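Fold and contact review
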Amino acid sequence: MQSGRSRVDNSGPVYRRIATELWEEIQSGALAAGSRLPNEATLAERFGVARLTLRQAIIELQRLGAVEIRRGVGTFVVSPPDLVEIVATLPRSRQQSDATADALDSAALRRSAAPVRQVDERVLSFGPVSGSLAEEAAGHLGIPVADVHRIDTVMVRGGRRWIANSYWHSAQWSGVLDRVGENGLVVRAFADGFGLDLRYLWRAFSAVAADFDDADVLDVPLGTALLVRDGVSADAYGTPVFYVRRRLRGDEAKFVLRYDNDAV
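Below: a short report on this structure. (Residues numbered from 1 in each chain as written. Predicted model: local features only at pLDDT ≥ 70, side-chain atom pairs only at ≥ 80, totals over all residues. Heavy atoms only, no water.)

**Overview of the overall build of the protein chain**
Let me state the cut-off plainly: Counting from the N terminus, the helices are DSSP H or I runs at least four residues long and the strands are E runs at least two residues long. Each residue is assigned to one of three classes by its accessible area relative to the maximum for its type, calculated with a 1.4 Å probe on protein chains only: buried under 20%, partly exposed between the two thresholds, exposed over 50%. The contact definition used throughout considers only heavy atoms, calling two residues in contact when any of these lie within 4.5 Å. We get accessible surface area from the Shrake-Rupley algorithm with a probe of 1.4 Å; when it comes to residues, only the shown protein chains can shield them.
In terms of regular secondary structure, the protein chain is built from 8 helices and 8 strands. Of all 264 residues assigned to the protein chain, the portion counted as buried reaches 38%. Across the protein chain, every contact between residues at least 6 apart in sequence was considered, and the portion connecting residues at least 24 apart equals 60%. Accessible area for the protein chain stands at about 15,400 Å²; split by element, carbon and sulfur atoms hold 49% of it.

**Brief notes about the side chain of Asp235**
By the element assignment, Asp235 lies in the loop between strand S7 (225-234) and strand S8 (240-249). Classification of Asp235 as buried rests on a relative accessible area of 14%. Leaving out residues up to four positions away in the same chain, Asp235 has contacts with Leu196, Asp197 and Val241.

**Some details on the sheet that holds strand S5 (residues 160-170)**
Filter applied, for reference: Only strands that DSSP links by at least two bridges are regarded as paired with each other. For helices, the fitted line uses only the C-alpha atoms of the stretch in contact; every axis is such a line through C-alpha atoms, and the angle between N-to-C directions lies from 0 to 180 degrees.
Strands sit in the order S3-S4-S5-S8-S7-S6 across an open sheet of 6 strands; the sheet is antiparallel. The sheet is open, and its two borders are formed by strand S3 (119-128) and strand S6 (199-209), each paired with just one other strand. This sheet shows a mean twist of 20° between the axes of neighbouring strands, independent of strand direction. With 9 bridges joining them, S7 and S8 adopt antiparallel strand pairing. Across the sheet, residue Arg229 finds its bridge partner in S8, namely Arg246. Contacting strand S4 (148-157), S5, S6, S7 and S8, helix H5 (residues 132-141) crosses the sheet at an angle of about 130° to S8.

**Some thoughts on the layout of surface pockets**
For clarity, the cut-off: Put plainly, a pocket is an open set of points on a 1 Å grid over the protein atoms alone with protein on both sides within 12 Å along at least five of seven lines, a cavity is a set where a 1.4 Å probe fits but cannot get out, and a lining residue has an atom within 4 Å of a point. Grid points are joined across faces, edges and corners, and a volume is the space filled by probe spheres set on the points. For this scheme, ten residues count as nonpolar: Ala, Val, Leu, Ile, Met, Phe, Trp, Tyr, Cys and Pro. Four count as charged, namely Asp, Glu, Lys and Arg, and the remainder, Gly too, count as polar.
Of the volumes computed, that of the second largest pocket is approximately 230 Å³. Along the wall of the second largest pocket there are 14 residues; nearest its centre are Glu40, Ile58, Ile69, Gly74 and Thr75. Within the residue set of the lining of the second largest pocket, elements represented by two or more residues are helix H2 (40-47), helix H3 (51-64) and strand S2 (74-77). Taken together, the residues of the lining of the second largest pocket sort by class into 8 nonpolar, 3 polar and 3 charged.

**Observations regarding the pairing of S4**
Within S4, 10 of the 10 residues are buried, which leaves it mostly tucked inside the rest of the structure. Where burial is concerned, the two faces of S4 agree: the one with Val148, Arg150, Asp152, Val154 and Val156 and the one with His149, Ile151, Thr153, Met155 and Arg157 are both buried. As defined by bridge partners, S3 adjoins S4 across 9 bridges and the pair is classed as antiparallel. Counted as the bridge partner of Val119 is Arg157 from S4. Sheet topology places S4 next to S5; 10 bridges connect them, and they run antiparallel. Of the residues in S5, the one forming a bridge with His149 is His169. Between the antiparallel neighbours S4 and S5 lie 2 residues, among them Gly158 with a positive phi of about 60°.

**Some points on H3**
Cut-off, in case you're wondering: Multiplying 1.5 Å by the residue count of a helix minus one yields the expected span of that helix. Directions from the helix axis toward the C-beta atoms define the arc.
In this model H3 runs 20 Å from its N-terminal to its C-terminal C-alpha over 14 residues, within 8% of the 20 Å that 1.5 Å per residue would give. For H3, the full list of buried residues reads Leu54, Ala57, Ile58, Glu60, Leu61 and Leu64. All buried residues of H3 lie within an arc of 150° about the axis, which places them on one face of the element. In this fold, the buried residues of H3 make contact with helix H1 (14-28), H2, strand S1 (67-70), S2, S6 and helix H8 (212-218).

**Looking at unusual backbone geometry**
Look at Asp219: it is not a glycine, yet its phi comes out positive at around 55°. Residue position: Asp219 is located in the loop between H8 and S7.

**Observations concerning the packing of H1 against H3**
Our working rule: Orientation is classified from the angle alone, with under 35 degrees giving roughly parallel, over 145 giving roughly antiparallel, 65 to 115 giving roughly perpendicular, and any other angle giving oblique. Handedness of a helix crossing follows the sense of rotation of the near helix relative to the far helix, less than a right angle counterclockwise being left-handed and clockwise being right-handed.
Closest axis-to-axis distance for the H1/H3 pair is 8 Å, and the angle between their directions is 55°. In terms of orientation, H1 and H3 fall into the oblique class. Between H1 and H3 lies a crossing whose hand is right-handed. In contact with Val14, Tyr15, Arg16, Ile18, Ala19, Leu22 and Trp23 of H1, H3 contributes Thr53, Leu54, Gln56, Ala57, Ile58, Glu60, Leu61 and Leu64. Across the contact of H1 with H3, the residue classes break down as 11 nonpolar, 2 polar and 2 charged.

**Details of the packing of aromatic side chains**
Within a pair of aromatic rings, the relevant descriptors are the distance that separates the centres and the angle that separates the planes. Where we set the bar: By convention, a stacked pair of Phe, Tyr or Trp rings (six-membered ring in the case of Trp) has centres within 6.5 Å and planes under 30 degrees apart, an edge-to-face pair has planes over 60 apart, and any other such pair is tilted. Charge-over-ring placement is defined geometrically: NZ (Lys) or CZ (Arg) within 6 Å of the ring centre, and within 35 degrees of the ring normal.
Under the defined criterion, the tally for this structure stands at 6 aromatic pairs. Of the aromatic side chains, those joined through ring pairs into one cluster are Tyr167, Trp173, Phe190, Phe194 and Phe242. Here the basic side chain of Arg157 rests over the ring of Trp162, its NZ or CZ set 4.6 Å away from the ring centre. Between the NZ or CZ atom of Arg179 and the centre of the ring of Phe194, over which it lies, the distance is 4.2 Å.

Structural data, given as structure tokens:
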């Protein structure tokens, strides 16, 4: 490659590889929210491609909701939305651990004609991590960034990829992977494998467009609406154990918060 051009992976469609690299720069802040992308000629020269290929990459980013094309002006990085926070507090005695399979089993039991469908959680990657997400997780867990490990998984239900999951935890729990096969789910590996009585510290709900990684993991089109549930689970003493972020298709989930006036 000529000096000054980016070095892009040689696998997959060229436009997708270019879009992925630009997306990573947006995620890292190298391309700041509200900033204008370099013009087509400059980007085409940078990546060594024709303008048509470059335009396909920009369309991918637009589909993702990462950029906005203003005709006659340029292409701009979209600022993140201002989220409205809706807070509800539950008594600690009413909180439960993050046992997804238990919730599925309960839902299936309420449908008398429907059998319980097995959920299989498959580990995709794991190990120490760095970057902005690791910094965010470190803040939630109250540990140094250098101590943060991440596990990425996908839950498969009825043979279909269903939920993409990311868990961040301290290096002290790195042995949890050895217990996943035995306990079925990562959360159960934490709880049963280490004898932890897990409790929610908090849970949050939001929505995002499927990025390149989630689109591949869940086998959905780029930009598909995903519902996100994230939060921190702690041990019985309130010490954070892991920060989890789950993403699932918006047309396959409904979050319900029931209020019990008699709860104490």
